[in-house]
Amino acid sequence: MTPVQTTKMSNFRWVICALLFLATTINYMDRQVLSLTWKDFIAPEFHWSDADYGTITGWFSIFYAIANLFAGKFIDWMGTKKGYLIAIFVWSTGAVLHAACGWAAMQIEGYDSIEALRLVQAGSDAAVAIATVSVWLFLSCRMILALGEAGNFPAAIKVTAEYFPKKDRAFSTSIFNSGASVGALAAPATIPLLARAWGWEMAFVIIGVLGYVWMGLWMWLYEKPHKSKFVNQAELNYIEQDIDIAEVQNKQEAKEEKVIPFFDCFKYKQTWSFIVGKFMTDGVWWFFLFWAPAYFSDQYGYTSDSTMGILLILTLYAIVTVLSIGGGYLPTYFVEKKGMNPYLGRMRAMLIFACFPVLGLFAQPLGAYSAWWPAILIGLLGAGHQAWSANLFSTIGDMFPKSTIGTITGIGSMAGGVGSFLINKGSGNFFTWAEGQGEAFTFFGFDGKPAAYMVVFCICAVAYLIGWCIMKTLVPKYKPIVVE
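An account of the accompanying structure is given in this report. (Residues numbered from 1 in each chain as written. Predicted model: local features only at pLDDT ≥ 70, side-chain atom pairs only at ≥ 80, totals over all residues. Heavy atoms only, no water.)

### Quick look at the side chain of threonine 160
Here's step 1: Along the polypeptide, threonine 160 turns up in helix α7 (residues 152-163).
Here's step 2: Those residues in contact with threonine 160 that lie beyond four places of it in its chain are Leu20, Arg169, Ser172, Thr173 and Phe176. (Helix = DSSP H or I, 4+ residues; strand = E, 2+ residues; numbered from the N terminus. Contact = heavy atoms within 4.5 Å.)

### Considerations on the nonpolar core
Considering soluble globular proteins, one finds that nonpolar side chains tend to be buried as a cluster.
Here's step 1: Counting 146 residues, the largest nonpolar core has Trp48, Phe138 and Phe287 as its most contacted members.
Here's step 2: Among the elements that take part in this core, helix α1 (residues 12-46) stands out by supplying 17 residues, more than any other.
Here's step 3: With residues near it in sequence (within four places) discarded, phenylalanine 138 still touches Leu34, Ile42, Phe46, Trp48, Ile56, His98, Cys101, Trp200 and Phe204. (Core = buried A, V, L, I, M, F, W, Y, C linked by side-chain atoms within 4.5 Å. Buried < 20%, exposed > 50% of the residue type's maximum accessible area, 1.4 Å probe, protein only.)

### Examining a nonpolar patch on the surface
Here's step 1: A grouping of Phe89, Val209, Tyr212 and Val213 is seen on the molecular surface, where their side chains present a nonpolar patch of about 340 Å² in accessible area.
Here's step 2: Top element by residues in the nonpolar patch is helix α9 (residues 200-221). It accounts for three residues.
Here's step 3: For valine 209, the location among the structural elements is in helix α9.
Here's step 4: Valine 209 gets classed as partly exposed once you look at its relative accessible area, which sits at 37%. (Patch = residues over 30% accessible without salt bridge, like charges linked within 9 Å, V, L, I, M, F, W, Y side chains within 5 Å. Areas by Shrake-Rupley, 256 points an atom, 1.4 Å probe, with all protein chains shown as cover. Salt bridge = Lys/Arg side-chain N within 4 Å of Asp/Glu carboxyl O.)

### So, the packing of helix α4 (residues 101-109) against helix α6 (residues 125-149)
Here's step 1: Where α4 meets α6, the axes come as close as 10 Å, and the angle between the chain directions of the two elements is 135°. Regarding the angle of α4 to α6, the classification is oblique. Our pair here, α4 against α6, has a crossing hand that is right-handed. Listed contacts from α6 to Cys101, Ala104, Ala105, Ile108 and Glu109 of α4 are Ala129, Ile130, Val133, Leu137, Phe138 and Cys141.
Here's step 2: Residue composition of the contact of α4 with α6, by class: 10 nonpolar, no polar and one charged. (Axes fitted to C-alpha atoms, helices over the stretch in contact; angles between N-to-C directions. Parallel < 35°, antiparallel > 145°, perpendicular 65-115°, else oblique. Left-handed = near helix turned anticlockwise from the far one by under 90°. Nonpolar A, V, L, I, M, F, W, Y, C, P; charged D, E, K, R; others polar.)

### Notes on the side chain of serine 427
Here's step 1: With respect to the helices and strands, the residue serine 427 is situated in helix α19 (residues 405-437).
Here's step 2: On the basis of relative accessibility, which here comes to 2%, the residue serine 427 falls in the buried class.
Here's step 3: Discounting residues that sit within four places of it in the chain, serine 427 has contacts with Phe287, Leu422 and Val456.

### Looking at helix α15 (residues 330-338)
Here's step 1: Among the residues of α15, those classed as buried are Pro331, Thr332 and Phe334. Considered in projection along α15, the buried side chains sweep an arc of 160° and stay on one side of the axis.
Here's step 2: Glycine 339, located one to two residues past α15, shows a positive phi value of around 75°. (Arc of directions from axis to C-beta.)

### Points about the packing of aromatic side chains
Here's step 1: Overall, the coordinates contain 53 aromatic pairs when judged by the stated rule.
Here's step 2: Here the aromatic rings of phenylalanine 46 and tryptophan 200 are separated by 6.2 Å at their centres, their planes lie at 75°, and the arrangement is edge-to-face. On the criterion of sequence distance, the pair formed by phenylalanine 46 in helix α1 and tryptophan 200 in helix α9 is long-range, its members being 154 residues apart.
Here's step 3: The exposure class assigned to tryptophan 200 is buried, which follows from its relative accessible area of 2%.
Here's step 4: Ring centres 6.3 Å apart and planes at 70° place the aromatic pair phenylalanine 353 and phenylalanine 356 in the edge-to-face group. (Phe/Tyr/Trp six-rings, centres within 6.5 Å; stacked < 30°, edge-to-face > 60°.)

As structure tokens, this is what we get:
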């Protein structure tokens with residue numbers, strides 16, 4: 001199909017970017033339902049401890065990591081249209097199934113109501129049995145959620161490479177990637193209120209259904225740029241501006257671009273650079289995503305459905321959302337104004353963003369004066385992460401052929417999932433232990449669970465700078481991979 005020639009360039013690529021943003025927003029809202037309901041709504045019913053919640057979030061990260069190992073290859077194999085549809089169908093179904101966990105626990109343990117589960121004596125054998133069964137039920141649903149959600153970023157990164165030239169990819173990636181913070185921003189404003197009004201089960205159902213709505217929009221609007229009726233020739237030329245003269249002369253050869261075999265990907269330092277970047281930093285974002293509501297509830301007494309609790313989380317993610325979008329423009333500035341190549345510009349920008357998380361060192365000490373300080377500082381840390389993440393994803397398009405982008409994204413995301421497992425599972429056990437130790441465990445002037453939070457905040461603060469140094473050592477300069 002030949003697009004209609006017009007003098008004015010169409011801008012349909014931004015509609016596609018908006019769809020990627022919407023999918024990522026839904027993705028993170030589905031992921032956030034549990035973190036916003038477990039402490040104040042679910043834990044009392046099932047007698048969960050911090051360690052139980054840490055088990056669920058930690059193993060979710062491992063499921064997500066394993067799924068990511070195959071998700072990128074799956075997207076490369078199925079193509080972005082079908083692959084994305086399957087991914088969001090699976091994760092939306094997994095999200096909705098969480099609502100049945102209470103009913104299933106009642107049937108397995110032989111209780112006739114949720115209230116009967118709640119009234120079981122804390123610490124008794126019956127309470128331990130209820131907690132164990134319910135944890136396994138939620139883990140089963142999280143496994144389905146993780147399986148589908150693993151496809152989101154490989155598909156979105158691949159679509160970005162299809163619809164945007166290299167110089168615009170970091171900015172477009174930062175826009176759709178900001179859906180993570182927008183989802184995290186919308187979640188506390190809606191989910192606790194839904195849980196309070198209709199029960200935590202309906203919160204999972206209502207948010208999960210949004211994914212099915214997105215599927216309809218995707219089926220209607222998405223085609224590859226050269227096939228899309230919404231993309232004219234001027235926009236297609238803009239999208240394909242990176243194609244060199246030889247490829248223009250032989251389009252058929254370009255379409256038959258060679259794929260790097262899966263295990264051969266690990267032969268390249270560029271792959272290991274991306275793995276390190278994801279492993280060192282993804283867990284930081286997921287820790288605050290999963291634990292921030294519980295942190296404000298534990299440390300300051302503001303439950304997730306209280307006005308103050310909602311405002312604190314909204315403030316945190318509002319800062320993330322506003323500041324992170326601009327982060328995608330910084331490497332464009334370095335490339336266009338300073339004459340750097342895309343990789344050097346991204347690495348310069350990522351070094352700047354790696355300094356933002358250092359602010360997390362002050363969150364716990366300043367929290368002694370007001371809960372607003374941790375909300376603001378964690379928000380700045382999160383903004384740095386999102387800007388870092390957008391540029392980290394874009395390094396794949398700089399270094400690897402389009403045919404392998406999904407695979408590399410999946411491999412790196414798997415590494416990020418492993419890092420997330422370690423910090424979430426470890427933090428849950430650490431918090432439970434520290435709470436039991438009380439004043440016997442101290443760190444930087446804090447004792448008990450506050451001391452444990454301070455330890456984890458310190459780890460998060462330095463993770464990005466360590467990751468950047470290792471990445472720079474592995475790939476010191478721009479070196480794209482050419483498959484012969």
